[in-house]
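Overview (structure and organization)
So you can see what is in the structure, the chains are spelled out below.
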Number of protein chains: 2
Amino acid sequence: MDIDELARRSGVSAATVSRALNGRPEVSAATRARIVALAAELGYRPNASARTLASRRSELIGLLWDTDYRSGGRQHPFLQEVLIGLKAALSDRGQGLILLPIVPPDDEAGYVRLARQYTLDGIVMMGVDQHTPQVRALLATPIPCVGLDLALDGPRTASVGSDNRTAAADAVAHLHALGHRRIATITGPLDLWPAAERLAGYRAELARRRLRRRPEYEVAGDFFAASGAAGMRRLLDLPSPPTAVFVAGDAMAVAAMQAATDTGRTVPGDVAVVGFDDIDAAAMVRPGLTTIAQDYRRFGTTAAAVLAELAAAPTTDEPRSVLLPTRLVVRESSGSTAI
Amino acid sequence: MDIDELARRSGVSAATVSRALNGRPEVSAATRARIVALAAELGYRPNASARTLASRRSELIGLLWDTDYRSGGRQHPFLQEVLIGLKAALSDRGQGLILLPIVPPDDEAGYVRLARQYTLDGIVMMGVDQHTPQVRALLATPIPCVGLDLALDGPRTASVGSDNRTAAADAVAHLHALGHRRIATITGPLDLWPAAERLAGYRAELARRRLRRRPEYEVAGDFFAASGAAGMRRLLDLPSPPTAVFVAGDAMAVAAMQAATDTGRTVPGDVAVVGFDDIDAAAMVRPGLTTIAQDYRRFGTTAAAVLAELAAAPTTDEPRSVLLPTRLVVRESSGSTAI
DNA sequence: CTGTTAGCGCCTTCAC
DNA sequence: GTGAAGGCGCTAACAG
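Residues numbered from 1 in each chain as written. Chains lettered and ligands numbered in written order. Predicted model: local features only at pLDDT ≥ 70, side-chain atom pairs only at ≥ 80, totals over all residues. Heavy atoms only, no water.

If you check an unreviewed UniProt entry, chain A appears there as LacI family transcriptional regulator from Actinocatenispora comari.

**Here we look at the protein's contact with DNA strand D**
Inspection of the region around DNA strand D gives 26 residues, with Ile3(A), Arg24(A), Tyr44(A), Thr16(B) and Arg19(B) positioned closest. Sugar and phosphate atoms form 71% of the subset of DNA strand D atoms that lie within 4 Å of the protein. Asn22(A) places a side-chain nitrogen or oxygen 3.1 Å from a phosphate oxygen of DNA strand D. Between DNA strand D and the protein, one listed contact pairs a phosphate oxygen with a side-chain N or O atom of Tyr44(A) at 2.6 Å. Every element with two or more residues in the surface near DNA strand D is listed here: helix H2 (14-21) and helix H4 (48-55) of chain A together with helix H2 (14-21) and helix H4 (48-55) of chain B. Residues belonging to the surface near DNA strand D are distributed by class as follows: 11 nonpolar, eight polar and seven charged. (Near = heavy atom within 4 Å. Polar contact = N/O pair within 3.5 Å; in protein donor to acceptor, adjacent residues only side chain to side chain. Helix = DSSP H or I, 4+ residues; strand = E, 2+ residues; numbered from the N terminus. Nonpolar A, V, L, I, M, F, W, Y, C, P; charged D, E, K, R; others polar.)

**Observations concerning the protein's contact with DNA strand C**
Looking at DNA strand C, there are 27 residues lining it, with Arg19(A), Thr31(A), Ile3(B), Arg24(B) and Tyr44(B) nearest. For DNA strand C, the backbone makes up 65% of the atoms found within 4 Å of the protein, where backbone means sugar plus phosphate. The backbone of Asn47(B) places a nitrogen or oxygen atom 3.1 Å from a phosphate oxygen of DNA strand C. Backbone polar atom of Ala50(B) to a base nitrogen of DNA strand C: 3.3 Å apart, as the coordinates give it. For the surface near DNA strand C, the elements supplying multiple residues, two or more each, are H2 and H4 of chain A together with H2 and H4 of chain B.

**Observations regarding the nonpolar core**
In this structure, Met232(A) and Met232(B) are the most contacted members of the largest nonpolar core, which totals 94 residues. Apart from the residues within four sequence positions on either side, Met232(B) is in contact with Ile186(B), Val245(B), Ala256(B), Ala259(B), Ala260(B), Val271(B) and Val273(B). Formed by 54 residues, the second largest nonpolar core is a distinct cluster that contains Trp65(A), Ile61(B), Val82(B) and Ile84(B). (Core = buried A, V, L, I, M, F, W, Y, C linked by side-chain atoms within 4.5 Å. Buried < 20%, exposed > 50% of the residue type's maximum accessible area, 1.4 Å probe, protein only. Contact = heavy atoms within 4.5 Å.)

**Some remarks on the interface of chain B and chain A**
Every contact between the two is made by 44 residues of chain B and, on the other side, 44 residues of chain A. Carbon and sulfur atoms supply 56% of the area that chain B and chain A bury against each other, a total of about 4,100 Å² over both sides. The interface formed by chain B and chain A contains two salt bridges. Run the count over chain B and chain A and you get 16 residue pairs in polar contact (both at pLDDT 80 or more). The set of elements that each furnish at least two residues to the side of chain B that touches chain A consists of H4, strand E1 (60-65), helix H5 (79-92), strand E2 (96-99), helix H6 (110-117), helix H11 (250-262) and helix H12 (280-284) of chain B. (Buried area = accessible area lost by both parts, 1.4 Å probe. Salt bridge = Lys/Arg side-chain N within 4 Å of Asp/Glu carboxyl O.)

**Notes on the environment of Arg19(A)**
Residues and elements named next belong to chain A. Topologically, arginine 19 is positioned in helix H2. Sequence separation between arginine 19 and arginine 32 is 13 residues; the distance between their C-alpha atoms is 8.4 Å. Not counting residues up to four positions away in its chain, the partners in contact with arginine 19 are Arg24, Glu26, Val27 and Arg32.

**Quick look at the sheet that holds strand E9 (residues 272-274) of chain A**
Residues and elements named next belong to chain A. In space, the four strands of this open sheet follow the order E7-E6-E8-E9, with parallel pairing throughout. Sheet topology places strand E7 (218-220) and E9 at the edges, where each strand pairs with a single neighbour. Between one strand axis and the next, the sheet turns by 20° as a mean value, whatever way the strands run. Bridge count for strand E6 (residues 183-187) against strand E8 (residues 244-247) is four bridges, and the pairing is parallel. Directly across from isoleucine 186, in E8, lies its bridge partner valine 247. Helix H9 (residues 193-208) rests against E6, E7 and E8 of the sheet, and its axis sits at about 170° to E6. (Pairing = 2+ DSSP bridges. Axes fitted to C-alpha atoms, helices over the stretch in contact; angles between N-to-C directions.)

**Digging into the pairing of strand E8 (residues 244-247) of chain B**
Residue and element names in this part refer to chain B. Burial along E8 is two-sided: Ala244 and Phe246 facing one way and Val245 and Val247 facing the other are all buried. Two strands pair when backbone bridges link them, and E8 and strand E9 (residues 272-277) are joined in this way by three bridges, in the parallel orientation. When the bridges of E9 are listed, phenylalanine 246 appears paired with valine 274. Crossover E8 to E9 through H11 is right-handed. (Right-handed = clockwise from strand over helix to strand, strands pointing away.)

**A closer look at empty space enclosed by the protein**
The final tally for this structure, using the stated rule, is two cavities of 30 Å³ or more. Here the largest cavity defines a volume of roughly 160 Å³. Considered class by class, the residues forming the lining of the largest cavity number six nonpolar, six polar and no charged. By volume, the second largest cavity amounts to about 40 Å³. In terms of lining residues, the second largest cavity is bounded by Leu99(A), Pro101(A), Lys87(B), Leu90(B), Ser91(B), Gln95(B), Gly96(B) and Leu97(B). Mapped onto the lining of the second largest cavity, the elements with two or more residues apiece are H5 and E2 of chain B. The dominant element in the lining of the second largest cavity, judged by the number of residues it contributes, is H5(B), at three residues. Across the lining of the second largest cavity, the residue classes break down as four nonpolar, three polar and one charged. (1 Å grid on protein atoms, 1.4 Å probe; cavity = no way out; pocket = protein on both sides within 12 Å on 5 of 7 lines; lining within 4 Å. Points joined across faces, edges and corners; volume = space filled by probe spheres on them.)

**A short note on the layout of surface pockets**
Residue and element names in this part refer to chain B. Of the pockets and cavities examined, the second largest pocket occupies roughly 900 Å³. Lining the second largest pocket are 30 residues, with Tyr44, Arg45, Pro46, Asn47 and Ala50 sitting closest to its centre. Residues of the lining of the second largest pocket, tallied by class, amount to 11 nonpolar, eight polar and 11 charged.

See the structure below:
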């Protein structure tokens, strides 16, 4: 069942079938209706390769997702949800999603070649280092690229992420409202966009509420559990330890809670904890972890929409970014009563 | 940079370039070496669409992964790891991975058409119901299909999964070795292959160790947390409650532990628990959950290898399946001492 | 509005 | 061992 067969059966030429099915305006309503109906009835689907070859557009989006970068073990707690959103939004637009292999660092043109090889219409990146030569080369290209939790820069790029700054401020506000005045934080790696924004939000909210900002209350973590435990121990050893800690990632937060418990403190009694991400475990540990939930599915749907906009828009130097709202999920770790 | 350009620069015809790059035997070693070197130097990559159109092979594998099927919330704790393995193994073979959209149940030929549309060389399925018309139609086809944790049936299909039966037996053996004699289980939905196998392994090991099998010790769960908690409560309310429970999934196991704790029991003191899956939370909860770890990455690499075999092998009626080894991860929930 | 004619970039017979 | 020619299935100019 190819286009010629369909053309024969509908009594028109292949060109007309192509036009009718692709929504071209030059076809009469009657012919189009007839062709569309017949195509549906016969289950005709144009061959993707032939279509791509002729039109130079593939309706294919590439996903660049580096499983090695900083993922020493389990990372990207959200890949699955992002994929769900992305897949749904793309297929609504008639687009497909292809997973790109990781190219070695010395193959500078690797991604650009992959994009050409598959005639990709756009690329979604997550969990990659946008400063590597291979990625920079890709970003410099007019191929639409959107970064998830990644601040991208290029003629046709955009970034999608949560409004981490506001979210962190919400966390601090929540703790403050519960009566806490000595609020510390354990950060992520500050060269990562979300980590930096969360710290900025923490600081901003302290200032807004006229709480003193103490350098020793800002402990550096790396999003992994061990750094959360170490950070908590360090905070609790302070002469004037905090009564609450905003931890920039849930894996660290859970470990931080355990570190507190292990050293004889109670959570939230002695120290309240608020995390970030709402990983599965947040609801499974005791006490349940109060945390910031991100709408990962929407990361995906937004990425698909932004990609379409980028493809239509002219190239530009203006950095574009979309910030998504988050939600504070209150569980037991922040305590329900003031201190 | 297309094949003609490369041909011109290497002083041969496009046909020879094609043969050289595709490892055809008819090319002289010298010409091949020259062409391969030049191709590498110029970074030539044949256009995927043109190649697929001409050769009728795409080197593309489709991933069928239903995000709705039984995934009321968070499921498939292993998608990410599977993808890592799959992507790595496929790209080693020069193949790509494309995520297939879910087709509506009334579109019986949907997947078959998708396979043709993209000229897919094979399909990996996970988290789908293989009894639906759309999937059955695909399986009936000579297109290579491998199911992860799915017992598939068709002329060119195979199944890859853990050796769930042995794994469950290991769990029971572990509990028995710790001194437990009254060992119960909370199962998954028994129409799912892994759940049925785990129950079979539990029963087999009881028999091997001459432990009495009691019907009231086999409680039905559905892999979700709530059913784990309910199952544990029911077991503990028994006149002669078990001293150990093998829970067929970690989400249920964690909830089961909490249910035990909530009703005044201690874990592992009053009741020991062994789970299945080794989800992230297993190491985060207290007590840490003893569980069976599956090698999900290997699911992916194995699927890629099996797909290649299926493509080369003739169609057959023999069901093929590959069972992967698992690993018992001992933490605190099973206790380190006998009762 | 519709048909005819060329390719899109590559592989693959068929000659040589 | 290598080249020439045709075609994979579709889209996009160009006519009409």
